[in-house]
Amino acid sequence: MAQQVFKRPESLKDNVFHYCPGCGHSIIHRLLAEVIDELGIREKTVGVPPAGCAVLAYNYLDVDMGEAPHGRAIAVATGIKRCRPDLVVFTYQGDGDLAAIGTAETVHAANRGECLTVIFVNNGVYGMTGGQMAPTTLPGQKTTTTPGGRMALRDGHPLDLSRMLALAAGSVYIERTAVTSPKHIIKTKKAIRKAFKVQMDGQGFALVEILSACPTNWKETPIEACKRVEQVVATQYPLGILKDATHEPTADNP
Amino acid sequence: MNKQLMRGSHVIAEAATRAGCRFYAGYPITPQNELPEYMSARFADLPDATFIQAESELAAINMVMGASMTGVRAMTSSSSPGISLKQEGISYMAGMELPAVVANIMRGGPGLGNIAPTQQDYFQATRGGGHGGYRTIVLAPCSGQELVTLTMKAFDLADTYRMPVILLGDGLMGQMMEPVSFPDPIDPADLPKKEWVLSGARGRDSRLIASLQLDPVKMEERNWKLVRKYDTISQHETDFESYLLDDAQLVIVAFGTAARIAKGAVNRVRGEGLPAGLFRPITLWPFPANPLRSLAASIKQILVFEMNTGQMIEDVKMSVGDISPVHFHGRPGGVIPTPVEVAEVITGLMR
């Protein structure tokens, strides 16, 4: 008899992703769903999606979800988690959402050590609005609002918010990964899983920054775009653990 | 019942707690800082309550939004410039049909203005305040005791109609001390269960609370659905106070602090034999248009008195049309007029 070795996670709805070919969102959604399934927390998880391409994340993730205004996902999640500490609460945010309009909410939630899991998808552009410059856009990168390429002294330097968040006393675990190859996807899943575990153990603020491609707005093929993430974007935003202050839970210090 | 002397901001905070509010997020701004201060101490003794001093008014209202999604009674408070910042969240909560109570202890404006009491945010409060064409219920207390009743009522209305309710006070209401008594506290566990909250999809389908609707036809229907709700509220929830209206020839229309000053003015001119009365809207939205229109038929003139340059007067004029002449006296900028000043205006109109 045939054995089923691969199936749709229970936490993922049977809907066709609307994302562009080569976009990382669909991979990351699936990883999230797999992790939620494996941790057995689907029935106590609440997600907060961002404004942007992933605003429709609730069409795919089969968990309770509450919308947030652009940039405010972590503040909304804070309200949910503080009222229901027994729930597992995550936000799903892009670079414009988290590192531009939501900078204050992000920094202060990390500083307070809010017990949340933040999935931060960095593709270096505002995808849904048509490819404008993001805080994470690389120097020289052409976008619809930097047609001649980003000039640091005019348009600002690429902002590495994750590194800043690692300095916040309340952040516990911050890792940067990518979803450009099977190897990186496996690493990303491990990081997402850990970011949920940190919350479930009540340790504090956990964030996974995932470098993701936007072939449509980068005007590249998916393969070229993935190569660019690994060879160019990852030199500006190096992959790896930026902070790990987790501890094994003990009776005194759970 | 036991009376105690309390500052208005503290009264709101205590009344909210007794109404079962268990989440407060706010950001300091004068003249309402005593409200979050009181809340921080009061909630420290309640194991199921959360107080957060947020990094901004934006963060605070969005934290309230998240708290409300879990079904907890939640509130924030601020003063005029801070309320402008909260409009983003208020619009979203109107769209998502989330209950919350927002207290605005109004100060002078526009811009940074000053910290003196005004009623300059009437338009902002009664017209929705943010984007997208929605309404919020607006309650205008005029005494310490009414701060108790209206704060508690605000939470009931917010839950009943699933929408933000604005408690519209001013610097004077927030700072003034008056004797008040409180009803027994409500245990949040005794409140009606909310069937729409985010609580984890255990034994049921997953839920979504969102204002996004990309299909214009469905969005149109959602807009009309909100209108139907607003119509129901307009029919059932208008509230006002009548004072010496039976034989009145001039009726002064005023709310909040201005109404207290107006009441003093009415008493003064009554002493001189002039039959003036006071019509005080308690709900600013929905505005008590029908009772005011009925009243207008039996009187000679209306004087609208506001601590602004003329905002509620538009609702008064829409209510009474050509039935009665409508005059205006206003003092913006944080000037608190005396009953003598207002009495002189009434006398000038009646003699």
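Since the structure is predicted, the reported quantities are computational estimates derived from the model, not experimental observations.

Cut-off values and rules
Residues numbered from 1 in each chain as written. Chains lettered and ligands numbered in written order. Predicted model: local features only at pLDDT ≥ 70, side-chain atom pairs only at ≥ 80, totals over all residues. Heavy atoms only, no water. Helix = DSSP H or I, 4+ residues; strand = E, 2+ residues; numbered from the N terminus. Expected span 1.5 Å × (residues − 1). Buried < 20%, exposed > 50% of the residue type's maximum accessible area, 1.4 Å probe, protein only. Contact = heavy atoms within 4.5 Å. Buried area = accessible area lost by both parts, 1.4 Å probe. Salt bridge = Lys/Arg side-chain N within 4 Å of Asp/Glu carboxyl O. Polar contact = N/O pair within 3.5 Å; in protein donor to acceptor, adjacent residues only side chain to side chain. Pairing = 2+ DSSP bridges. Axes fitted to C-alpha atoms, helices over the stretch in contact; angles between N-to-C directions. Phe/Tyr/Trp six-rings, centres within 6.5 Å; stacked < 30°, edge-to-face > 60°. Lys NZ or Arg CZ within 6 Å of the ring centre and 35° of its normal. Core = buried A, V, L, I, M, F, W, Y, C linked by side-chain atoms within 4.5 Å. Parallel < 35°, antiparallel > 145°, perpendicular 65-115°, else oblique. Left-handed = near helix turned anticlockwise from the far one by under 90°. Nonpolar A, V, L, I, M, F, W, Y, C, P; charged D, E, K, R; others polar. Arc of directions from axis to C-beta. Domains from an automatic or database assignment.

**Here's the deal with helix α12 (residues 339–350) of chain B**
Residues and elements named next belong to chain B. For α12, with 12 residues, the first-to-last C-alpha span of 16 Å sits near the 16 Å given by 1.5 Å per residue. All buried positions along α12 are accounted for by Glu341, Val342, Ala343, Ile346 and Thr347. In this structure, the buried residues of α12 make contact with β11 (250–253), α9 (256–271), β12 (276–281), β14 (301–306) and β15 (326–330).

**What to know about the interface of chain A and chain B**
If you look at the interface, chain A gives 32 residues, while chain B gives 36 residues. When the two sides are added together, the surface that chain A and chain B hide from each other amounts to roughly 2600 Å², 59% of it contributed by carbon and sulfur. When residues of chain A are sorted by the area they lose upon contact with chain B, Glu43, Asp64 and Glu67 of chain A head the list and together hold 25% of the total. A salt bridge links Arg112 of chain A to Glu55 of chain B; its shortest N-O distance comes to 2.9 Å. Inspection of the chain A/chain B interface yields 13 residue pairs in polar contact (both at pLDDT 80 or more). At seven residues, the largest contribution of residues to the side of chain A that touches chain B is made by helix α2 (residues 73–83) of chain A.

**A look at the sheet that holds strand β13 (residues 283–285) of chain B**
All names here are of chain B. The strand order β3-β2-β4-β5-β7-β6-β13 describes an open sheet built from seven strands, whose pairing is mixed. Strands at the two margins of the open sheet, each flanked by one partner only, are β3 (50–53) and β13. Neighbour to neighbour, the strand axes of the sheet diverge by 20° on average, direction disregarded. Of the strand pairs in this sheet, strand β2 (residues 23–26) and β3 are connected by four bridges, and their pairing is parallel. Across the sheet, the residue bridging to Phe23 is Thr50, located in β3.

**Some thoughts on the packing of aromatic side chains**
In total, this model carries eight aromatic pairs over all chains according to the counting rule given. The interplanar angle of 55° and the centroid separation of 4.8 Å between the aromatic rings of Phe17 of chain A and Tyr60 of chain A together place this pair among those described as tilted. Separated by 43 residues along the polypeptide, Phe17 of chain A in the segment before α1 (25–39) and Tyr60 of chain A in the loop between β1 (45–48) and β2 (64–66) bring together distant segments of the chain. Judged by centre distance (5.7 Å) and plane angle (5°), the ring pair of Tyr24 of chain B and Phe51 of chain B falls under stacked. With a gap of 27 residues between them, Tyr24 of chain B in strand β2 and Phe51 of chain B in strand β3 connect regions that are remote in the sequence. On the basis of relative accessible area, Tyr24 of chain B is assigned to the buried category, the value being 0%. Among the aromatic residues, ring-to-ring pairing joins Phe17, Tyr19 and Tyr60 of chain A into one connected group. Between Arg228 of chain A and the ring centre of Trp218 of chain A, over which it is positioned, the NZ or CZ distance is 4.3 Å. Across from the ring centre of Tyr243 of chain B, 4.8 Å away, lies the NZ or CZ of Lys263 of chain B, which sits over that ring.

**A closer look at the pattern of salt bridges**
Residue and element names in this part refer to chain A. Taken as a whole and assessed by the stated rule, the structure comprises 38 salt bridges over all chains. For Arg42, the salt bridge is made with Asp62, and the minimal N-O distance between the two is 3.8 Å. Taken as a pair, Arg42 in the loop between α1 and β1 and Asp62 in the loop between β1 and β2 lie far apart in primary sequence, 20 residues in all. The closest approach of N and O atoms between Glu114 and Arg112, which form a salt bridge, is 2.6 Å. Overlapping salt bridges, with partners in common, bring together Arg30, Glu34, Glu38, Lys189 and Arg193 in one network.

**Overview of the sheet that holds strand β9 (residues 208–209) of chain B**
Sheet strands pair by backbone hydrogen bonding; their relative direction is either parallel or antiparallel. Read across the open sheet, the eight strands follow the order β9(A)-β7(A)-β8(A)-β4(A)-β3(A)-β1(A)-β2(A)-β9(B); overall the sheet is mixed. At either end of the open sheet lies a strand with only one pairing partner, and these are β9 (240–244) of chain A together with β9 of chain B. The pairing of β1 of chain A with strand β3 (residues 88–94) of chain A spans four bridges and is classified as parallel. Its bridge partner lying in β3 of chain A, Thr45 of chain A is registered against Val88 of chain A. Here α1 of chain A sits on the sheet in contact with β1, β3, β4 (117–122) and β8 (205–211) of chain A, set at roughly 170° to β3 of chain A. Lying on the sheet, helix α7 (residues 182–200) of chain A is in contact with β3, β4, β7 (171–178), β8 and β9 of chain A; it crosses β7 of chain A at an angle near 165°.

**A look at the nonpolar core**
Phe23, Met69, Met75, Ile137, Val253, Ile302 and Val316 of chain B are the most contacted members of the largest nonpolar core, which has 119 residues in total. Per element, the largest residue contribution to this core is nine residues, and it comes from helix α6 (residues 144–161) of chain B.

**Notes on the environment of Asp48 of chain B**
All names here are of chain B. Mapped onto the elements, Asp48 comes out in the loop between α2 (34–44) and β3. Expressed as a C-alpha distance, the spacing of Asp48 and Ala140, which sit 92 residues apart in the sequence, is 29 Å. A polar atom in the side chain of Asp48 sits 3.2 Å from the side chain of Arg22.

**Side note on the packing of helix α3 (residues 57–69) of chain B against helix α4 (residues 80–96) of chain B**
Residue and element names in this part refer to chain B. Direction vectors running N to C along α3 and α4 enclose 25°, while the axes themselves pass 7 Å from each other. Looking at the two axes, α3 sits roughly parallel to α4. Where α3 crosses over α4, the handedness of that crossing is right-handed. For the pair α3 and α4, contact is made by Glu57, Leu58, Ala60, Ile61, Asn62, Val64, Met65 and Met69 and by Gly82, Leu85, Lys86, Glu88, Gly89, Ile90, Tyr92, Met93 and Met96, respectively. Grouping the amino acids of the contact of α3 with α4 by side-chain chemistry returns 11 nonpolar, three polar and three charged.

**Here we look at helix α11 (residues 312–320) of chain B**
Residues and elements named next belong to chain B. Listing the buried residues of α11 in full gives Met312, Ile313, Asp315, Val316, Ser319 and Val320. An end-on view of α11 places all buried positions within 160° of arc, on one side of the element. Buried-residue contacts for α11 involve α5 (122–126), β11, β12, α10 (289–296), β14 and β15. Looking at the residues trailing α11, positive phi occurs at Gly321, about 55°.

**Examining the pairing of β3 of chain A**
Remember that side chains alternate between the two faces of the sheet whenever the strand is regular. All names here are of chain A. Most of β3 is tucked away: six of the seven residues are buried. Bridge count between β3 and β4: five bridges; the pairing is parallel. Bridging across to β4, Gly94 finds its partner in Val121.

**Quick look at the domain arrangement of chain B**
Residue and element names in this part refer to chain B. Looking at the assigned domains, one finds that chain B contains domain 1 (4–186 + 225–235) and domain 2 (241–350). Relative placement of domain 1 and domain 2: their C-alpha centres are 26 Å apart. Counting from both sides, the interface comprises 33 residues of domain 1 and, opposite them, 26 residues of domain 2. Regarding the contact of domain 1 and domain 2, the summed buried area is about 2400 Å², with carbon and sulfur atoms giving 56% of it. The three residues of domain 1 that bury the most area against domain 2 are Gln119, Tyr122 and Cys142, which together make up 30% of that side's buried surface. Counting the contacts that link domain 1 with domain 2 gives three salt bridges.

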